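What the coordinates show
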Amino acid sequence: MRTVYALARYQDCGAALDFLTEAFGFRAHEVSKNDEGVVHHAEVLAGDDIIMLGQGRPGGPGIYVAVDDVDAHHDRAVAAGARVTMALVDQPYGSREYGCADPEGNTWWFGTYRP
């Protein structure tokens, strides 16, 4: 049973959900809307892991997601409008990774390292 979940805050969770699925290849798992149809909470799957999205002020700690083909992932994210904050780099600990910001300024890191 999972006990720890990553969480990213967004002013517009619906737009974030669209971006994260298009840019990063996450899959929508759970989407909760209020009476007006506005997404106020969502969960996306990155592999078998869940990242929760909630309304609030963006920023705070970044999120790292391990991927198999980081170069292809990088290209997909850039094509979808992600702003690269750290170019693809081979790290001394064996990971190839990059960093980017989503449209609301949350920092995301993607790489081949799997703790």
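Structure first, text after, so check above.
Summarised in this report is the structure supplied together with it. Model, not experiment: these values are computed from the prediction.

1. A few points about a nonpolar patch on the surface
A cluster of nonpolar side chains, Y64, Y93 and Y113, forms an exposed patch at the surface whose accessible area comes to about 310 Å². Overall, Y93 belongs to the partly exposed group, its relative accessible area being 48%.

2. With respect to the packing of helix 1 (residues 13-24) against helix 2 (residues 70-79)
Direction vectors running N to C along helix 1 and helix 2 enclose 140°, while the axes themselves pass 7 Å from each other. Looking at the two axes, helix 1 sits oblique to helix 2. From helix 1, T21, E22, A23 and F24 reach across to helix 2, where they touch H73, R76 and A77. Here the contact of helix 1 with helix 2 is built from residues that sort into three nonpolar, two polar and two charged.

3. Let's talk about the nonpolar core
The biggest cluster of nonpolar side chains holds 26 residues, and the ones touching the most others in it are F24, F26, I51, L53, V65, W108 and F110. Counting only elements with at least two residues in this core, the list comes to strand 1 (6-10), helix 1, strand 3 (39-46), strand 4 (49-55), strand 5 (63-66), helix 2, strand 7 (96-101) and strand 8 (107-111). Here the element with the most residues in this core is helix 1; it accounts for seven residues. If near-sequence neighbours (up to four positions away) are discounted, I51 is found in contact with A6, F26, A42, E43, V44, A46, I63, V65 and W108.

4. Quick notes on the pairing of strand 2 (residues 27-33)
Relative to strand 3, strand 2 runs antiparallel, the two sharing six bridges. Of the residues in strand 3, the one forming a bridge with K33 is V39.

Rules of the game
Each chain has its residues counted from 1, running along the sequence as written. Where local features are concerned, this predicted model is filtered to residues with pLDDT of at least 70; where side-chain atom pairs are given and counted, the filter is 80 or more; whole-chain, interface and lining totals use all residues. The side-chain figures draw on all heavy atoms in the structure; neither hydrogens nor water molecules are used. Note on patches: the residues involved have over 30% relative accessible area and no salt bridge, like charges join within 9 Å, and the nonpolar side chains Val, Leu, Ile, Met, Phe, Trp and Tyr join within 5 Å. Values of accessible area rely on a 1.4 Å probe in the Shrake-Rupley scheme; residue burial ignores everything except the protein chains shown. Between Lys or Arg on one side and Asp or Glu on the other, a salt bridge is scored when a side-chain nitrogen of the former is within 4 Å of a carboxyl oxygen of the latter. The buried label applies to any residue whose accessible area, calculated with a 1.4 Å probe on protein chains only, is under 20% of its type's maximum; exposed applies above 50%, and partly exposed to all values in between. In this description, a line fitted to the C-alpha atoms serves as the axis of each element, helices being fitted only across the stretch in contact, and the angle between N-to-C directions of two axes falls anywhere from 0 to 180 degrees. Elements are defined by DSSP. Helices are runs of H or I of four residues or more, strands are runs of E of two residues or more, and each kind is numbered from the N terminus. The labels follow the angle: roughly parallel below 35 degrees, roughly antiparallel above 145, roughly perpendicular from 65 to 115, and oblique for the rest. Working rule for contacts: check all heavy atoms of both residues, and any pair within 4.5 Å makes them a contact. The nonpolar class holds Ala, Val, Leu, Ile, Met, Phe, Trp, Tyr, Cys and Pro. Asp, Glu, Lys and Arg form the charged class, and all remaining residues, Gly among them, are polar. Throughout this description, the term nonpolar core refers to a set of buried Ala, Val, Leu, Ile, Met, Phe, Trp, Tyr and Cys residues connected via side-chain atoms within 4.5 Å. Here, any two strands with at least 2 DSSP bridges between them count as paired.

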